[in-house]
Amino acid sequence: ENIGGLAMALLGSGLAVGLSCVGSARGTGIAGEAGAGLLSQDPSKSGKVMVLQLLPGTQGLYGLVVWFFALIRMGMMNGTAVDLSLVEGFRFFAACLPMALGGLLSAIAQGRVAASSINILAKKPDDWSKGIILCGIVTFLLKLQGTAVGDDTQILLHILGGHAKAVVGNGD
């Protein structure tokens, strides 16, 4: 009966890592396309292009961290997994959803900014660091929004009594 709750919790954590990785793949692909064009003209800029192409890939790592935290909170990493009701499973799902959608969308947006930053590198090589700052701003603002929603969800889980409070975090 309670397998549905665990399934929903695992689905939420899986979406957090999966969609973040999909966004990272798409974002690094967008930046890679722009980088390949520049490198065909000027191979000496390969190090700077790699840095710019790498930035959208970080969203997948953030999703992986959320996945690990969710599994730890569920007790899946130390063998103390408890039965979750469907409502508790939906709570975990809701807590992971901001990372899933935020990671997907911010990685794609960051890939577009990284591609534009590669264009800056092509036209004004001395200003390429401005592109890194622009990529950082996209990540920071989108992640800040996603983290705020995720934190609010975690606070809600702590406020809610009973089993979810014990599973999701009681300060241990």
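What counts and what doesn't
Residues numbered from 1 in each chain as written. Predicted model: local features only at pLDDT ≥ 70, side-chain atom pairs only at ≥ 80, totals over all residues. Heavy atoms only, no water. Core = buried A, V, L, I, M, F, W, Y, C linked by side-chain atoms within 4.5 Å. Buried < 20%, exposed > 50% of the residue type's maximum accessible area, 1.4 Å probe, protein only. Helix = DSSP H or I, 4+ residues; strand = E, 2+ residues; numbered from the N terminus. Axes fitted to C-alpha atoms, helices over the stretch in contact; angles between N-to-C directions. Parallel < 35°, antiparallel > 145°, perpendicular 65-115°, else oblique. Left-handed = near helix turned anticlockwise from the far one by under 90°. Contact = heavy atoms within 4.5 Å. Nonpolar A, V, L, I, M, F, W, Y, C, P; charged D, E, K, R; others polar. Expected span 1.5 Å × (residues − 1). Arc of directions from axis to C-beta. Polar contact = N/O pair within 3.5 Å; in protein donor to acceptor, adjacent residues only side chain to side chain. Salt bridge = Lys/Arg side-chain N within 4 Å of Asp/Glu carboxyl O.

*Asks:* I would appreciate a short explanation of the nonpolar core in the present structure.
*Replies:* With eleven residues, the main nonpolar core is built from Ala31, Leu38, Val49, Leu52, Val113, Ala114, Ile118, Leu121, Trp128, Cys135 and Val138. Every element with two or more residues in this core is listed here: helix 1 (3-41), helix 2 (46-54), helix 4 (86-123) and helix 5 (128-159). Examining the composition of this core, we find that four residues originate from one element, helix 4, more than from any other. Judged by nonpolar contacts, the second largest core, of ten residues, contains Ala16, Ala70, Met74 and Phe92.

*Asks:* What is the right way to read the packing of helix 1 against helix 3 (residues 58-74) from this model?
*Replies:* Between two packed helices, the angle of one axis relative to the other and the distance separating the axes together describe the packing. Put simply, helix 1 and helix 3 touch, their axes get as near as 6 Å, and they point 165° apart. One element, helix 1, and the other, helix 3, form an angle in the roughly antiparallel class. Note on packing geometry: the crossing formed by helix 1 with helix 3 is left-handed. Together, Leu6, Ala9, Leu10, Ser13, Gly14, Ala16, Val17, Ser20, Cys21 and Ser24 of helix 1 and Thr58, Gln59, Gly60, Gly63, Leu64, Val66, Trp67, Ala70, Leu71 and Met74 of helix 3 make up the contact between the two elements. For the contact of helix 1 with helix 3, the per-class residue count stands at twelve nonpolar, eight polar and no charged.

*Asks:* Mind showing me how you'd approach helix 3 here?
*Replies:* Each α-helix turn comprises 3.6 residues. Residues three or four places apart therefore point the same way. Along its 17 residues, helix 3 runs 25 Å from first to last C-alpha, staying within 8% of the 24 Å computed at 1.5 Å per residue. If you check which residues of helix 3 are buried, you get Gln59, Gly60, Gly63, Ala70, Leu71 and Met74. All buried residues of helix 3 fall inside an arc of 115° around its axis, so they share one side. Residues of helix 3 that are exposed and angled more than 90 degrees away from the buried face: Leu61 and Phe69.

*Asks:* Would you mind going over the environment of glutamine 53 with me for this structure?
*Replies:* One can find glutamine 53 in helix 2. What makes glutamine 53 partly exposed here is its relative accessible area of 28%. With near-sequence residues (within four places) excluded, glutamine 53 lies in contact with Thr28, Ala31 and Gly32. Side-chain polar atoms of glutamine 53 contact the backbone oxygen of threonine 28, separated by 3.2 Å.

*Asks:* Explain the pattern of salt bridges here, please?
*Replies:* Scanning the entire structure with this criterion turns up two salt bridges. Notably, a salt bridge pairs aspartate 42 with lysine 45, separated by 3.1 Å at the nearest N-O pair. Accessibility expressed as a relative area gives 22% for aspartate 42, which makes it partly exposed. Given a relative accessible area of 13%, lysine 45 falls into the buried group. Its salt-bridge partner being aspartate 127, residue lysine 130 comes within 3.8 Å of it at the nearest N-O pair.

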